[in-house]
Amino acid sequence: MGETAAANNHHHGHRVFDAVSQQPAFKCFDDDGRLKRTGTVWTASAHIITAVIGSGVLSLAWAIAQLGWVAGPAVMLLFSLVTLYSSTLLSDCYRTGDAVSGKRNYTYMDAVRSILGGFKFKICGLIQYLNLFGVAIGYTIAASISMMAIKRSNCFHKSGGKDPCHMSSNPYMIIFGVTEILLSQVPDFDQIWWISIVAAVMSFTYSAIGLSLGIVQVAANGVFKGSLTGISIGAVTQTQKIWRTFQALGDIAFAYSYSVVLIEIQDTVRSPPAESKTMKKATKLSIAITTIFYMLCGSMGYAAFGDAAPGNLLTGFGFYNPFWLLDIANAAIVVHLIGAYQVFSQPIFAFAEKSVSERFPDNDLLTKELEFKIPGFRSPYKTNLFRVVFRCCFVVLTTVISMLMPFFNDVVGILGALGFWPLTVYFPVEMYIKQRKVEKWSMRWVCLQMLSVSCLVISVVAGVGSIAGVMLDLKVYKPFQSTY
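Novice: Explain the overall build of the protein to me, please; I cannot follow it from the model alone.
Specialist: Helix and strand content of the protein: 15 helices and 4 strands. Against the compact-globule benchmark of 23 Å for 484 residues, the protein has a radius of gyration of 23 Å, which places it among compact chains. Taken over the C-alpha atoms alone, the protein extends approximately 65 × 65 × 40 Å along its principal axes. Buried positions account for 54% of the 484 residues belonging to the protein. For the protein, the proportion of contacts with a sequence separation of at least 24, taken over those separated by at least 6, is 81%. In the form shown here, the protein has an accessible surface area of approximately 21200 Å², with 69% of it arising from carbon and sulfur atoms. Of the charged side chains in the protein, 38 are positive and 28 negative, and the gap between their average positions amounts to 3 Å.

Novice: What am I meant to see in the packing of helix H5 (residues 118-158) against helix H13 (residues 385-404) here?
Specialist: For any two helices packed against each other, the geometry is given by the interaxial angle and the distance between the axes. It is at 9 Å that the axes of H5 and H13 come closest, and there the two elements cross at 60 degrees. With respect to H13, the axis of H5 lies oblique. You can see that H5 and H13 cross each other, and the crossing is right-handed. On H13, the residues touching Phe-133, Ala-136, Ile-137, Thr-140 and Ile-141 of H5 are Phe-394, Leu-397, Thr-398, Thr-399, Ile-401 and Ser-402. Residue composition of the contact of H5 with H13, by class: 7 nonpolar, 4 polar and no charged.

Novice: Sorry if this is basic, but what is going on with the side chain of Asp-327 here?
Specialist: By secondary structure assignment, the location of Asp-327 is in helix H11 (residues 323-359). Here Asp-327 is buried and forms no salt bridge, its nearest opposite-charge partner Lys-158 lying at an N-O distance of 10.0 Å. Those residues in contact with Asp-327, other than ones at most four positions away along the chain, are Ile-150, Ser-153 and Asn-154.

Novice: What's the story with a nonpolar patch on the surface in this structure? I'm lost.
Specialist: Together, Ile-174, Val-178 and Leu-182 make up an exposed nonpolar region whose accessible area comes to about 290 Å². Following the sequence through the fold, Leu-182 ends up in helix H6 (residues 170-184).

Novice: When you look at the packing of helix H8 (residues 238-255) against helix H14 (residues 408-435) in this model, what are you seeing that I'm missing?
Specialist: Interhelical geometry of H8 versus H14 gives an angle of 70 degrees and a closest axis separation of 7 Å. Considered as vectors, H8 and H14 are oriented roughly perpendicular to each other. Crossing angle aside, the handedness with which H8 passes H14 is left-handed. Contacts between H8 and H14 involve Gln-247, Gly-250, Asp-251, Ala-253 and Phe-254 from the former and Asn-409, Asp-410, Val-412, Gly-413, Leu-415, Gly-416, Ala-417 and Phe-420 from the latter. Of the residues in the contact of H8 with H14, the class split is 6 nonpolar, 5 polar and 2 charged.

Definitions and limits used
Residues numbered from 1 in each chain as written. Predicted model: local features only at pLDDT ≥ 70, side-chain atom pairs only at ≥ 80, totals over all residues. Heavy atoms only, no water. Helix = DSSP H or I, 4+ residues; strand = E, 2+ residues; numbered from the N terminus. Rg over C-alpha atoms; globule rule 2.2 N^0.38 Å. Buried < 20%, exposed > 50% of the residue type's maximum accessible area, 1.4 Å probe, protein only. Contact = heavy atoms within 4.5 Å. Areas by Shrake-Rupley, 256 points an atom, 1.4 Å probe, with all protein chains shown as cover. Lys, Arg positive; Asp, Glu negative; His and termini not counted. Charge placed at Lys NZ, Arg CZ, Asp CG, Glu CD. Axes fitted to C-alpha atoms, helices over the stretch in contact; angles between N-to-C directions. Parallel < 35°, antiparallel > 145°, perpendicular 65-115°, else oblique. Left-handed = near helix turned anticlockwise from the far one by under 90°. Nonpolar A, V, L, I, M, F, W, Y, C, P; charged D, E, K, R; others polar. Salt bridge = Lys/Arg side-chain N within 4 Å of Asp/Glu carboxyl O. Patch = residues over 30% accessible without salt bridge, like charges linked within 9 Å, V, L, I, M, F, W, Y side chains within 5 Å.

Just distances and angles here, no functional claims.
Written out as structure tokens, the structure reads:
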């Protein structure tokens, strides 16, 4: 997921991605008056890989377990090809008009506004903010599961496996929520330059540990578990099998959902050659690497556990040795998600605060800046009443919803379904058609619309499956009383 690169969805992406490679001010400037961009195929590929590989990788073994050895890798390959194609369409939308000298769009939303106009821009904004809100809930659940996994593995180890160590996830969600309330009051938290680097290191740490433990488990089993058609009827009912298959599509879609940050990455690339050419090469390279990595993580997880593959790969190694290594992986997830939560929430905060200040510019209660002196800090801390209240309420709301439905896979499936069709397929296709003036009912237009409609069907099916999953889980679950 794009948590490590989405830091700049509401600012110009140039600052985050190109911070490392900026030249001194006396060097040449680009055609828009900004410092000359210095990104290459390699830096753009690195940014994309960093943006993609995130918490979505944890549910891939479960998704393959629902689909089986034939459909699982095939669906993953299909999603990677669709993402690759829509990314190449999107790279042509970085400049409005001419591909070499047209006006630059700095973010995905800028491109939608300048090419498709007002109404579609508002719809795109609504979907994006809903998605960001959902991600905040998903991350609260995932972080609490990892905190519990550390606690349970240590408890399990101490008791020598005699104590089942059942516990509630609620205290851990509250701890995570309190941490986020404090961090949400830090101004421009997502602009802190090292956040992206820490997130990247953490996501590679836990992904690599998950993959390694999967390989070790397969070697210990001495056999590849799993079947050609996935989880068998009997282990689950026929209805559950259908819903879970649909939900698995959403989980895989979530792992590939990063189109929203592609234009921001493209904004770091130097020209000539045209930015779109560099970006197309970078997209091919990075999606190939990501897909191989995803296939390995998902397949090794399924081969290790078979039908019993857990919803979150790193909580499913049965709390066996090396328990310290699992603890490191789960701690890496928690650290990653604490930062990622802020990165995804900041655009919502910025939007709400900007809207209020524009609507009530003279209301001191909402817009007046207050200063507080904090011992040990030179400059006073500045904030306003609306900012404090809104950000606290937002975190409390996401925490309460997480406690009400702490189902990681279901939430990830809903998010994948919500974001995949509109943000990865529909808007890039519509922008490309308008930008390239593709004739209605021409062969290319028909093919693009068929792609869009078939992806819409996949999104709807995945969404229905995930919502059904939530409904089935709620039947056996008592709110605020879950134990693991």
